[in-house]
There are 2 protein chains.
Amino acid sequence: MKDVAQHANVSLSTVSYVLNDSGPVGKARRARVLDAVRVLGYTPNESARRLRTKSAATIGLIVPDLSNQFFALVAEGVESAAASRDALVVLCAPEAIDRTTEYYVRLLRSQSLDGLVYLPGGDGMTLNLALALAEAGPVVMVDERIRGFDVPSVVADSRSGARQIAEHVLSQGHRRIAIVGGPEALWTSEQRLAGYREALAGFRIPPKDVPHFVGDHREESGTRAAAQLLAESGADRPTALLCVNDLMAMGVYRYCREAGLRIPEDVSVAGFDDITVAGLLSPGLTTVRQPAREMGFQAANLLFDVIDGREATDDEMVLTLPTELIRRGSVSPPHPDDDEAPVQGIGA
Amino acid sequence: MKDVAQHANVSLSTVSYVLNDSGPVGKARRARVLDAVRVLGYTPNESARRLRTKSAATIGLIVPDLSNQFFALVAEGVESAAASRDALVVLCAPEAIDRTTEYYVRLLRSQSLDGLVYLPGGDGMTLNLALALAEAGPVVMVDERIRGFDVPSVVADSRSGARQIAEHVLSQGHRRIAIVGGPEALWTSEQRLAGYREALAGFRIPPKDVPHFVGDHREESGTRAAAQLLAESGADRPTALLCVNDLMAMGVYRYCREAGLRIPEDVSVAGFDDITVAGLLSPGLTTVRQPAREMGFQAANLLFDVIDGREATDDEMVLTLPTELIRRGSVSPPHPDDDEAPVQGIGA
DNA sequence: TTGTATGCGTTATCAC
DNA sequence: GTGATAACGCATACAA
């Protein structure tokens, strides 16, 4: 920068002025400076700028698991929003190494990140973490909320989505339903459960009659769920499985394939998320679409608003994006005559 | 830090010394400093440190598309390696906004990133970009290489993987094969093509007899490929499709489903990557597994080696990880009697 | 409108 | 062993 000033015969401040037009400067001089910048191939040193301004034009993104396409899409949305504002995104995928709350707080402070987009994973400790984080700097949450602690957040309308898909399943005639849920601490798990239950209640089915498996959102956990819920092949076996995400529904598919159960003839399956594969499974997975990329995008924008002081930080600001029921082949009316028991009857 | 020094009754240099043990310091004083750090909750200012040391403990990751699970896994690997060395990863997903070569160069320089892991996408301009980048700082490539310009890179053994899967298909009896390729500029496309051709040559099938569609690695492109390659239902219609990645194979599945073609009865399909969904499709997709996470991990480690001067930067250092053929249901012997023409014959 | 001077929080080079 | 002190590259209050 010194060189630039010299090359343009101006002082350092003048250069600084034109670079951030933070001060008035004559046309001629400005041109000279710009020229010098180009000629010398000058690139401002962001580290110095940060040190001086305390702001980094950089946000952090905490995401549990990039191999889950839903999360990956949220990440893309965040990146995209950041990019459109020339901000950087530093990626934190805690899955690999175990990071402590302290780690993130230090990250936020020591790197002088402007803020954090926080997409809580499956584990616990989210509350403490969020608390500590929000204290250390601006934080907005995506896809999840934490009860009792209101940071701004953008979520999808899980509850209504869950209600819709459950109603769809019920309206097909299913009455023996089981739920493959997510980690109990999560707001989304709770919301979707609530949505399911609303629908169930509408059909006068008491919660006690609805088995509930607690999964962890991963495929393998869906397989375990199916193994447990579909094990007994008696008349009590559920005819439909409501899964709180597509990955676990895929796990159910896997189990069914291995167990020789047909979808949807033997059991109907419903998912949540509408990740790409949902449409490619056979049969296609009936699910609820969440606008993943959009959620990430909005979340980042919200964060920038908070950072720029356009929103009150401690406001209980929550953006709820609409979900959409996607009907495909994995849900059909139940076929009682395909159940083992009746089959025996026929055989007799 | 000043506060810490004061609280511990030592000078700033002493504090600095204990914090990076970059100098000898008495036990008592060291203890006092550490204590003060804890009490005051001191967090070093990384911006200042960077300014001073010119090193950021931060690398950049350029990745084309996070919604492709293969890329997402590579990203996870990179993140994981970085995390284990307490380094940060800034994410760049160029898909969203169009970034110029210049942008990345400036990124590398102005943010004083220590280096870049570069995973080229589908588009062109990779050569110029890589050139400019490598000039601006340490760069290692993952999954791809650029001919004529040797930066260190870690790749999977695409060629041998492609040969294996093609041989598998051929050994099932297929002779009318078509290829769903990737962007022609990419090294992987070329390698896989070469692998296919080696196998084909082994079975005395001239390249001219093998239709070749140029895709872009995205699912939709696979659908188009299938539409084109499988359009004519005559005796010339290929009985097997070799796809250079799973996403496009999924596109083929989609086309087949909509066109009423059965897999593998009417057409066998082979993929590449072995992303999660490959095993969940019906029938399972026969494909070649690439160690995606491992590739990212190794790439980041290689980058750190280069940064730390443990490897010659301009060395043609390339790490080739093994691939593995995964046989599932999407490839079976051809069923000539299922072809339309013979069917007519039978009907007559 | 433009230049000068100071400080941001660290590290590193010296003397002590 | 330890402590002053000078950069690092930039932004800005203030003087000119």
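The residue numbers shown here count from 1 along each chain, following its written sequence. Each chain is given a letter, starting from A, and each ligand a number, starting from 1, according to the order in which they appear as written. Only residues with pLDDT of at least 70 are given local features in this predicted model, and only at 80 or more are side-chain atom pairs given and counted; all residues enter the totals for whole chains, interfaces and linings. Where side-chain values are given, they derive from all heavy atoms of the structure, hydrogens and water being excluded.

**Observations regarding the environment of Glu294(B)**
Thought 1: Mapped onto the fold, Glu294(B) is located in helix 12 (residues 292-307).
Thought 2: On a C-alpha basis, the gap between Glu294(B) and Gly77(B) in space is 6.0 Å, while along the polypeptide they are 217 residues apart. Secondary structure elements are defined from DSSP: runs of H or I of at least 4 residues count as helices, runs of E of at least 2 residues count as strands, and each element is numbered from the N terminus.

**Brief notes about the protein's contact with DNA strand C**
Thought 1: A molecule or strand has a residue near it when one of that residue's heavy atoms lies within 4 Å. In the neighbourhood of DNA strand C, 25 residues make up the surrounding shell, with Ser13(A), Thr14(A), Gly26(A), Arg29(A) and Arg52(B) lying closest.
Thought 2: Among the atoms of DNA strand C close to the protein, meaning within 4 Å, 64% are from sugar or phosphate groups.
Thought 3: A 3.5 Å cut-off defines polar contacts: any pair of N or O atoms within that distance qualifies, except that in protein one atom must be a possible hydrogen donor and the other a possible acceptor, and neighbouring residues in sequence count only when both atoms are side-chain atoms. Here a phosphate oxygen of DNA strand C sits 2.6 Å away from a polar atom, N or O, in the side chain of Thr14(A).
Thought 4: A total of four residues in the surface near DNA strand C trace back to one element, the largest contributor, which is helix 4 (residues 46-53) of chain B.
Thought 5: In terms of residue class, the surface near DNA strand C is built from ten nonpolar, ten polar and five charged. Residues were grouped as follows: Ala, Val, Leu, Ile, Met, Phe, Trp, Tyr, Cys and Pro as nonpolar; Asp, Glu, Lys and Arg as charged; and all remaining residues, including Gly, as polar.

**What about the protein's contact with DNA strand D?**
Thought 1: By nearness alone, 24 residues border DNA strand D, and Tyr42(A), Arg52(A), Thr14(B), Gly26(B) and Arg29(B) come closest of all.
Thought 2: Between DNA strand D and Ser11(B) there is a distance of 3.4 Å, counted from a phosphate oxygen to a backbone nitrogen or oxygen.
Thought 3: A distance of 2.6 Å separates a base nitrogen of DNA strand D from a polar atom in the side chain of Arg52(B).
Thought 4: Mapped onto the surface near DNA strand D, the elements with two or more residues apiece are helix 2 (12-19) and helix 4 (46-53) of chain A together with helix 2 (12-19) and helix 4 of chain B.
Thought 5: Here the surface near DNA strand D takes four residues from helix 4 of chain A, the largest share from any one element.
Thought 6: When the residues that make up the surface near DNA strand D are grouped by side-chain class, the tally is ten nonpolar, nine polar and five charged.

**Examining the UniProt feature "domain: HTH lacI-type" (unreviewed entry) in chain A**
Thought 1: UniProt positions are given in the numbering used here, feature names are shortened, and annotations may be inferred rather than shown by experiment. Look at the UniProt record and you will see "domain: HTH lacI-type" (unreviewed entry) annotated at residues 1-53 of chain A.
Thought 2: As a span, residues 1-53 of chain A carries 70% helix and 0% strand, and end to end its C-alpha atoms are 17 Å apart.

**Topic: the interface of chain A and chain B**
Thought 1: Between two residues, a contact is recorded if the distance between any of their heavy atoms is within 4.5 Å. Opposite the 49 residues of chain A that make contact, chain B presents 49 residues.
Thought 2: We define a salt bridge as a contact between a side-chain nitrogen of Lys or Arg and a carboxyl oxygen of Asp or Glu at a distance within 4 Å. There are zero salt bridges connecting chain A and chain B.
Thought 3: Our enumeration of links across chain A and chain B arrives at 20 residue pairs in polar contact (both at pLDDT 80 or more).
Thought 4: Residue assignment for the side of chain A that touches chain B shows that the elements contributing at least two residues are helix 4, helix 5 (69-83), strand 2 (88-92), helix 6 (101-110) and helix 11 (246-259) of chain A.
Thought 5: The greatest single-element share of the side of chain A that touches chain B, amounting to eight residues, is contributed by helix 5 of chain A.
Thought 6: Residues that form the side of chain A that touches chain B fall into these classes: 22 nonpolar, 15 polar and twelve charged.

**What about the packing of aromatic side chains?**
Residues and elements named next belong to chain A.
Thought 1: Two aromatic rings from Phe, Tyr or Trp, using only the six-membered ring of Trp, form a pair when their centres are within 6.5 Å; if the ring planes differ by under 30 degrees the pair is stacked, by over 60 it is edge-to-face, and anything between is tilted. Here the structure, examined in full by the defined rule, presents four aromatic pairs over all chains.
Thought 2: With 5.2 Å between their ring centres and 85 degrees between their planes, tyrosine 103 and tyrosine 104 make a pair best called edge-to-face.
Thought 3: Remark: exposure states derive from per-residue accessible area (1.4 Å probe, protein chains only) relative to the maximum for the residue type, with buried under 20%, exposed over 50%, and partly exposed in between. Of the residues examined, tyrosine 104 reaches a relative accessible area of 1% and is grouped as buried.
Thought 4: Should the NZ of a Lys or the CZ of an Arg lie within 6 Å of a ring centre and within 35 degrees of the ring normal, that charge is described as sitting over the ring. The ring of phenylalanine 272 has arginine 192 lying over it, and the distance from NZ or CZ to the ring centre is 3.9 Å.

**Thoughts on the pattern of salt bridges**
All names here are of chain A.
Thought 1: Applying the stated criterion across every chain, the model contains 36 salt bridges over all chains.
Thought 2: Salt-bridge contacts for glutamate 198 lead to arginine 159; the nearest nitrogen and oxygen are separated by 2.4 Å. Taken together, the positions of glutamate 198 in helix 9 (residues 187-202) and arginine 159 in helix 8 (residues 158-171) put the pair 39 residues apart, joining distant regions of the chain.
Thought 3: On the basis of relative accessibility, which here comes to 35%, the residue arginine 159 falls in the partly exposed class.
Thought 4: Among the ionic pairs, aspartate 274 bridges to arginine 328, the shortest N-O distance being 2.4 Å. Of this pair, aspartate 274 sits in the loop between strand 9 (268-270) and strand 10 (287-289) while arginine 328 sits in the loop between strand 12 (324-326) and helix 13 (340-347); the two residues are 54 residues apart in sequence, bridging distant segments of the chain.

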